[in-house]
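Spelled out, the chains give:
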Amino acid sequence: MVGKGSFICVEGLDGCGKTTQAKVLAERLGHQYKTVYTAEPSQGEIGTFIREYCLKNENRLSSIVEALLFAADRFEHVKNEVIPAVFEGTLVISDRYLHSSLAYQGAAGVSLEWIQKINQNAINPDLVIFIDVEPKVAINRLKREKSVMENVATLKKVREIYMKFVQKGDLVRVEGNRPPEEVGKDILFLVRRFLKNRC
Ligand code: TYD
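Give a detailed account of helix 4 (residues 98-107), specifying residues and quantitative values.
Burial runs high along helix 4: 10 of the 10 residues are buried. Of the positions making up helix 4, those classed as buried are Leu98, His99, Ser100, Ser101, Leu102, Ala103, Tyr104, Gln105, Gly106 and Ala107. Where helix 4 is buried, its residues meet strand 1 (6-12), helix 3 (63-87), helix 5 (112-118), strand 4 (127-132) and helix 7 (152-168). Positive backbone phi, approximately 105 degrees, marks Gly109, located one or two places after helix 4.

As structure tokens, this is what we get:
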């Protein structure tokens, strides 16, 4: 926890439903707490560049450069949006954060230690929820290829890395192969329990 507020992240494969779940969570908690929904890549200049250039371009940049761009976007996102909000007591819910870089750029072969290092200014989240779906299910759920990161082989590696962090206790896994209402109920329960127990 940084200030009076809290910083909660929702992670998962593309197609796991995390954007819907993060938004619903923010809306539900918004009745009780001052809450804000945010996402990475961010709405800032670097995030916009990433979305428009890196995720759609056929000529991929190297994974190292992508990791650097996501880290740069994160630095701005944290400095301009997350920290000010948390310090004024807001509950910040981020759709993707540091573990997306570890899982996606890590799956592309970039060293996890190095990714941690270039993200050393990224504050630690208070709680990270991982919505777990099978890579095949995730791909099938996507109606179109949303980004260059999406194919079953890549998503399998991405999931493996996420699961390592679940086993370490850094992420809390929620079973995602269920109707969205059930997944949402579990996420709300976990977050409410965290908020109740925080000092
Ligand atoms: P996504 O959450 O799918 O954004 P949107 O809903 O706007 O399409 O994220 C876009 C892609 O960016 C996704 O395939 C994962 C990738 N990504 C990384 O590879 N590394 C990162 O650090 C982040 C934040 C995202």
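Lay out the pattern of salt bridges in plain terms, naming residues and giving numbers.
A full pass over the atoms with the stated rule returns 10 salt bridges. Between Arg96 and Asp14 there is a salt bridge; the shortest N-O distance is 3.3 Å. Highlighted residues: Arg96 in the loop between strand 3 (91-95) and helix 4 and Asp14 in the loop between strand 1 and helix 1 (18-29), separated in sequence by 82 residues. By relative accessible area, which is 10% here, Asp14 ends up buried. Between Glu182 and Arg178 there is a salt bridge whose closest N-O contact spans 3.9 Å. When its relative accessible area of 39% is taken as the criterion, Glu182 is described as partly exposed. Within this structure, Asp132, Arg159, Arg173 and Glu175 form a network of salt bridges that share partners.

Which residues make up unusual backbone geometry, and what values do they have?
Of all residues except glycine, most have a negative phi; of all peptide bonds, most are trans. For the peptide bond that leads from Glu40 to Pro41, omega is -5 degrees, which places it in the cis range. For Pro41, the position within the fold is in the loop between strand 2 (35-39) and helix 2 (45-54).

Could you give me a rundown of the pairing of strand 3, with the residues and numbers involved?
The buried count for strand 3 comes to five of five residues, which makes it a mostly enclosed element. Both faces of strand 3 are covered, namely the face carrying Leu91, Ile93 and Asp95 and the face carrying Val92 and Ser94. In the sheet, strand 1 pairs with strand 3 via five bridges, with the strands oriented parallel. Opposite Phe7, over in strand 3, you have Val92 as the bridge partner. When strand 2 meets strand 3, the two strands line up parallel, connected through five bridges. Across the sheet, the residue bridging to Tyr37 is Ile93, located in strand 3.

Reading the values: the criteria
- Residues numbered from 1 in each chain as written.
- Predicted model: local features only at pLDDT ≥ 70, side-chain atom pairs only at ≥ 80, totals over all residues.
- Heavy atoms only, no water.
- Buried < 20%, exposed > 50% of the residue type's maximum accessible area, 1.4 Å probe, protein only.
- Helix = DSSP H or I, 4+ residues; strand = E, 2+ residues; numbered from the N terminus.
- Contact = heavy atoms within 4.5 Å.
- Salt bridge = Lys/Arg side-chain N within 4 Å of Asp/Glu carboxyl O.
- Pairing = 2+ DSSP bridges.

These values are about where atoms sit, not about what they do.
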